[in-house]
Amino acid sequence: MNYISSLENKLFKEIMSLKVRKNRYKSKLYLIEGIRFVEEAIKNNCEINYVIISESKKDYIIDRFNFKDGLFNVIVFSDELFEKVKQTEKTQGIIACLKIRDTFKKFDFNEGIYFLIDKIQDPGNLGTIIRTAVAVNALGIILIKGSVDIYNDKVLRSTMGSIFKININFIESYLELNEFIENDFKLVIADAYSDNNYYHVDLKGKIILAIGNEGNGISDEVKNFPHIKVRIPMCNDLESLNVAQALSIIAFERVRQLDI
C-alpha cells in the first residue's frame with residue numbers, strides 16, 4: 001500500500017487531471033467518491049484502477065472494505081493531498097478511479113425503451129434520468145453530443161450508483177437514429193401543445209422517449225424523424241415540468257401499460 005504526500009507526485013497529478021472532462025475521455029478514466037458509491041462499483045464488478053483513501057480515515061476504510069486482501073490497488077494520500085482531490089464538501093475519505101466502460105454503439109434492438117438525451121445541460125437532471133432508466137428497466141440511454149458530461153461529478157453523485165446498472169450509448173450525429181427507426185422503434189416526444197395525453201398513447205413495444213434541452217427543448221434534427229407527440233396535462237396554467245420529471249411520468253406510464 002503506497003503512501004503519497006507530495007504535490008509533485010506523478011500519480012497525484014494524474015488524478016487531479018481527471019477533474020477535467022477532456023482528460024477523462026483521453027485516459028478513459030473517471031473518479032467516484034464516497035463509501036456507498038465505491039461499494040456499488042465493487043458490487044457491480046466495475047473495473048477499478050485504484051482506490052485512494054485519506055490518511056486520517058485509513059484504518060476505518062481498510063477494515064470496512066477488507067482492503068487487506070490485496071484485491072485492489074490502494075493508495076493512501078496525506079490529508080492535505082486528499083483535500084485537493086476530493087469533490088464533496090464533507091468527504092468520507094475514499095475515492096475510486098474507474099475505467100470508462102466502452103458501450104459505444106452496443107444497441108439492443110429488441111422490444112424495450114431507450115431514453116434519448118438531446119443536449120441536456122443540468123447535471124442533476126441527467127443523474128435523475130439515469131436513475132429512472134434503471135427503475136423502468138430501460139434498454140439504455142442514448143446521449144447526443146453536446147449534452148452535459150455523464151462523468152461529471154454532480155451527474156455521478158445524483159445517479160446514486162445507478163450509472164453502473166445501465167448502458168450509456170454516445171452518438172455523434174442525429175443520423176445514427178435512423179438505425180432505430182429502421183428497427184421499428186417509435187420516437188415519442190413530450191410536447192405541451194400536443195393533442196395526445198401521454199396516457200392515451202400506446203407506449204408498449206419498441207420506444208425511444210426523447211427529452212430535450214432545458215431551455216430550447218427537442219432539437220429540429222430530432223423532430224425531423226417520424227415521431228409521436230404527447231402532452232402531460234397540467235393545472236394552474238403551468239406550461240411544462242422539469243425535463244427529468246416529465247420523462248419519469250411518461251416512462252412510468254409505460255410500466256403501467258405493461259402491468260409490470
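Residues numbered from 1 in each chain as written. Predicted model: local features only at pLDDT ≥ 70, side-chain atom pairs only at ≥ 80, totals over all residues. Heavy atoms only, no water.

*Asks:* Which residues make up the overall build of the protein, and what values go with them?
*Replies:* A count of helices and strands for the protein gives 10 helices and 11 strands. Reported as C-alpha extents along the three principal axes, the dimensions of the protein are approximately 65 × 35 × 35 Å. Taking all 260 residues of the protein together, the buried fraction comes to 50%. Here the analysis covers contacts within the protein between residues at least 6 apart in sequence; of these, 79% occur between residues at least 24 apart. For the protein, the exposed area adds up to about 13500 Å²; of that, 46% sits on carbon and sulfur atoms. Between the centroid of the 35 positive side chains of the protein and the centroid of its 36 negative side chains there is a distance of 3 Å. (Helix = DSSP H or I, 4+ residues; strand = E, 2+ residues; numbered from the N terminus. Buried < 20%, exposed > 50% of the residue type's maximum accessible area, 1.4 Å probe, protein only. Contact = heavy atoms within 4.5 Å. Areas by Shrake-Rupley, 256 points an atom, 1.4 Å probe, with all protein chains shown as cover. Lys, Arg positive; Asp, Glu negative; His and termini not counted. Charge placed at Lys NZ, Arg CZ, Asp CG, Glu CD.)

*Asks:* So, helix α3 (residues 35–43): which residues are in play, and what are the values?
*Replies:* Listing the buried residues of α3 in full gives Ile35, Phe37, Val38, Glu40 and Ala41. Contacts made by the buried residues of α3 are with β2 (29–33), β3 (48–54), α4 (58–65), β5 (94–99) and α7 (153–159). Directly after α3, the chain includes Asn45, whose backbone phi takes a positive value near 55°.

*Asks:* I'd like to hear about helix α6 (residues 123–135), residue by residue, with values.
*Replies:* An α-helical turn contains 3.6 residues, so any two residues separated by three or four positions project in the same direction. An ideal rise of 1.5 Å per residue puts 18 Å on 13 residues; α6 measures up with 19 Å between its terminal C-alpha atoms. In this structure, the buried residues of α6 make contact with β6 (112–118), β7 (140–144), α7 and α10 (243–258). Looking at where α6 begins, the residue whose side-chain oxygen comes 3.0 Å from the main-chain nitrogen of Gly124 is Asp122. In the segment just after α6, Asn137 is the residue with positive phi, at about 60°. (Expected span 1.5 Å × (residues − 1). Polar contact = N/O pair within 3.5 Å; in protein donor to acceptor, adjacent residues only side chain to side chain.)

*Asks:* Pulling in residues and values, what's your account of the nonpolar core?
*Replies:* Residues Ile32, Ile94, Leu98, Phe115, Ile150 and Phe164 are the most contacted members of the largest nonpolar core, which totals 58 residues. Looking at this core, the element that brings in the most residues is α10, giving seven residues. Ignoring anything within four residues of it in the chain, the contact list for Ile94 reads Ile32, Glu33, Gly34, Ile35, Val38, Val51, Ile52, Ile53, Ile61, Phe65, Phe67 and Phe82. In terms of nonpolar packing, the next biggest core, distinct from the first, is built from 18 residues, Leu139, Ile142, Ile189 and Ala210 among them. (Core = buried A, V, L, I, M, F, W, Y, C linked by side-chain atoms within 4.5 Å.)

*Asks:* How would you sum up the sheet that holds strand β1 (residues 2–4)? Please name residues and give values.
*Replies:* The strand order across the open sheet formed by five strands is β1-β4-β3-β5-β2, and the pairing between neighbours is mixed. Looking at which strands have only one partner, the edges of the open sheet turn out to be β1 and β2. Strand-to-strand twist of the sheet, defined as the mean angle between neighbouring strand axes without regard to direction, takes the value 25°. Note that β3 and β5 share five bridges and pair antiparallel. Residue pairing across strands places Tyr50 opposite Cys97, the latter belonging to β5. (Pairing = 2+ DSSP bridges. Axes fitted to C-alpha atoms, helices over the stretch in contact; angles between N-to-C directions.)

*Asks:* Quick rundown of the pairing of strand β9 (residues 186–190)? Include the residues and the values.
*Replies:* Pairing of β9 with strand β10 (residues 206–212), which is carried by four bridges, proceeds in the parallel orientation. Within β10, the position partnered with Lys186 by the bridge is Ile207. Bridge count between β9 and strand β11 (residues 228–230): three bridges; the pairing is parallel. By the bridge assignment, Val188 is partnered in β11 with Ile228.

*Asks:* Requested: an account of the side chain of Glu253, with residues and values cited.
*Replies:* Looking at where Glu253 falls in the secondary structure, it is placed in helix α10. For Glu253, a relative accessible area of 7% translates into the label buried. Aside from chain neighbours lying at most four places away, what touches Glu253 is Tyr198, Tyr199 and Leu203.

*Asks:* Describe the pairing of β2, and please don't skip the residues or the numbers.
*Replies:* Counting buried residues along β2, five of its five residues qualify, which places the element largely inside the surrounding structure. The alternating pattern of β2 places Leu29, Leu31 and Glu33 on one face and Tyr30 and Ile32 on the opposite face, and all of these are buried. In this structure, β2 lies alongside β5, joined through five bridges in antiparallel fashion. Bridge pairing links Leu31 to Cys97 in β5.

*Asks:* Give me the lowdown on unusual backbone geometry, citing residues and values where you can.
*Replies:* Of note in this structure, Asn66 is not a glycine but carries a positive phi near 55°. Structurally, Asn66 can be placed in the loop between α4 and β4 (74–77). Its relative accessible area of 44% is what places Asn66 among the partly exposed residues. Unlike most non-glycine residues, Asn137 shows phi in positive territory, near 60°. We classify Asn137 as exposed; its relative accessible area is 66%.

Functional significance is not addressed by these values, which are geometric in nature.
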